[in-house]
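What follows is the residue order along each chain.
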Amino acid sequence: MTSRSHRAYADTQRETSVSSAKPVELVVMVHQRLLDHLHTGKLQMAEGVDSSESFTKAIDLITTGLESCLDKEKGGEIAQNLAFIYDWAGKEIIRARLRRDPEMIQGVINAFVPLAEAWLEHAGQKDESFASKYLKPAMASVQAMSSAAAGRGAVFTATAAAA
C-alpha cells in the first residue's frame, strides 16, 4: 500500500470513528491526538526540525477541541480548573517554542496524561500502557540529570586543577 493510499485509508477510518463516537469518546480522541502532536513536536524540536505544524495542531485541539466545549456554568469548579489548565498549556507551548525547550513540552504532556487517562476510564477504555507512551521513565530522567551533573563536576574539577 502506498503512503498516499495509507493516509487516505487512515483519514477514512478516523472520519468513521468520529462520526460514530459518543461525546465522551470524542473527548478521548481529542486528548489522544493532542498528546500525539505534543510528543511528535517535542521530538522534532529536540532534533532541530521544524515543529510548528505539530504545535499549531496541538494548540488548535486545546482551544477548539477542549476549551471551547467547556460549560463553565454547569461544570462549575471543574470546568474552571480545566479552563485554567488549557490556558496555561497553550501559553506554555508557545514559551517552549520560543525557548526551543523540549522539556517544557514534556511538562505539558505530563499535565495532560492524567486528564487523558481519566477520560479513557470514564469512557470505559482503560489502557494500562497509555501513560508509558508519553511519560518519560523517572529513572531515565534521574540518570540523565546525574550524567549532566557529573559532566559539570568533571569540568569544575579540571578547571580547578588547571588553576
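A.B. asks: What's the story with the overall build of the protein in this structure? I'm lost.
C.D. replies: A count of helical and extended segments in the protein gives six helices and zero strands. Residues classed as buried in the protein amount to 26% of the 163 residues present. Accessible area for the protein stands at about 10600 Å²; split by element, carbon and sulfur atoms hold 57% of it.

A.B. asks: Whenever I open this one, the nonpolar core confuses me. Can you help?
C.D. replies: Note that soluble globular proteins tend to have their nonpolar side chains buried in a common cluster. Grouped together as the largest cluster of nonpolar side chains are 28 residues, with contacts concentrated most on Leu34, Leu35, Leu38, Ile93, Ile105 and Phe112. Elements that contribute at least two residues to this core include exactly α2 (23–46), α3 (52–66), α4 (72–99) and α5 (102–122). Among all residues touching Leu35, those that are not within four sequence positions of it are Ile109, Phe112, Val113, Ala116, Phe130 and Tyr134.

A.B. asks: Explain unusual backbone geometry here, please?
C.D. replies: With glycine set apart, most residues show a phi of negative sign, and most peptide bonds adopt trans. In this structure, Arg100 is a non-glycine residue whose phi angle is positive, near 55 degrees. Mapping Arg100 onto the fold places it in the loop between α4 and α5.

A.B. asks: Honestly, the pattern of salt bridges in this entry has me stumped. Any pointers?
C.D. replies: Counted according to the given criterion, the structure contains five salt bridges. Taking the shortest distance from any N to any O, the salt bridge between Lys57 and Glu53 comes out at 3.1 Å. Of the two residues, Lys57 and Glu53 both sit in helix α3, four residues apart, roughly one turn of that helix. Using a relative accessible area of 52% as the deciding quantity, one classes Glu53 as exposed. As a salt-bridge pair, Glu92 and Arg95 come within 2.8 Å of each other at their nearest N and O atoms.

A.B. asks: Whenever I open this one, the confidence of the model for the protein confuses me. Can you help?
C.D. replies: Any segment with low pLDDT has predicted coordinates that should not be analysed in fine detail. Per-residue confidence for the protein gives a mean pLDDT of 81, with 71% of residues at or over 70. A low-confidence stretch, residues 138–143 stays under pLDDT 50, and its non-local contacts, those more than four residues away or across chains, total one contact. Note that pLDDT drops below 50 for residues 152–163; the model gives that stretch zero contacts with residues more than four away or on any other chain.

A.B. asks: I would appreciate a short explanation of the side chain of Glu92 in the present structure.
C.D. replies: With respect to the helices, strands and loops of the structure, Glu92 is situated in helix α4. Taking the relative accessible area as the measure of exposure, Glu92 reaches 12% and is therefore buried. Residues in contact with Glu92, not counting those within four places in the same chain, are Met104 and Val108.

A.B. asks: Help me understand the packing of α2 against α5, please; the structure alone is not making it clear to me.
C.D. replies: It is at 9 Å that the axes of α2 and α5 come closest, and there the two elements cross at 160 degrees. Judged by the inter-axis angle, α2 sits roughly antiparallel to α5. Crossing of α2 over α5 shows left-handed handedness. In this structure, α2 contributes Val24, Val27, Val28, His31, Gln32, Leu34, Leu35, Leu38, His39, Lys42, Met45 and Ala46 to the contact, and α5 contributes Pro102, Ile105, Gln106, Val108, Ile109, Phe112, Val113, Leu115, Ala116, Trp119, Leu120 and His122. Taken together, the residues of the contact of α2 with α5 break down into 18 nonpolar, five polar and one charged.

A.B. asks: Sorry, what's going on with α2 here?
C.D. replies: Residues three or four positions apart in an α-helix share a direction because the helix packs 3.6 residues into each turn. Relative to the 34 Å expected for 24 residues at 1.5 Å per residue, α2 spans 35 Å between its end C-alpha atoms, a close match to the ideal helical length. Inspection of α2 places Val24, Val28, Val30, His31, Leu34, Leu35, His37, Leu38, Gly41, Lys42 and Met45 among the buried residues, and these make up the whole buried set. Contact partners of the buried residues in α2: α3, α4 and α5. In the segment just after α2, Gly48 is the residue with positive phi, at about 80 degrees.

What counts and what doesn't
Residues numbered from 1 in each chain as written. Predicted model: local features only at pLDDT ≥ 70, side-chain atom pairs only at ≥ 80, totals over all residues. Heavy atoms only, no water. Helix = DSSP H or I, 4+ residues; strand = E, 2+ residues; numbered from the N terminus. Buried < 20%, exposed > 50% of the residue type's maximum accessible area, 1.4 Å probe, protein only. Areas by Shrake-Rupley, 256 points an atom, 1.4 Å probe, with all protein chains shown as cover. Core = buried A, V, L, I, M, F, W, Y, C linked by side-chain atoms within 4.5 Å. Contact = heavy atoms within 4.5 Å. Salt bridge = Lys/Arg side-chain N within 4 Å of Asp/Glu carboxyl O. pLDDT = per-residue confidence, 0-100. Axes fitted to C-alpha atoms, helices over the stretch in contact; angles between N-to-C directions. Parallel < 35°, antiparallel > 145°, perpendicular 65-115°, else oblique. Left-handed = near helix turned anticlockwise from the far one by under 90°. Nonpolar A, V, L, I, M, F, W, Y, C, P; charged D, E, K, R; others polar. Expected span 1.5 Å × (residues − 1).

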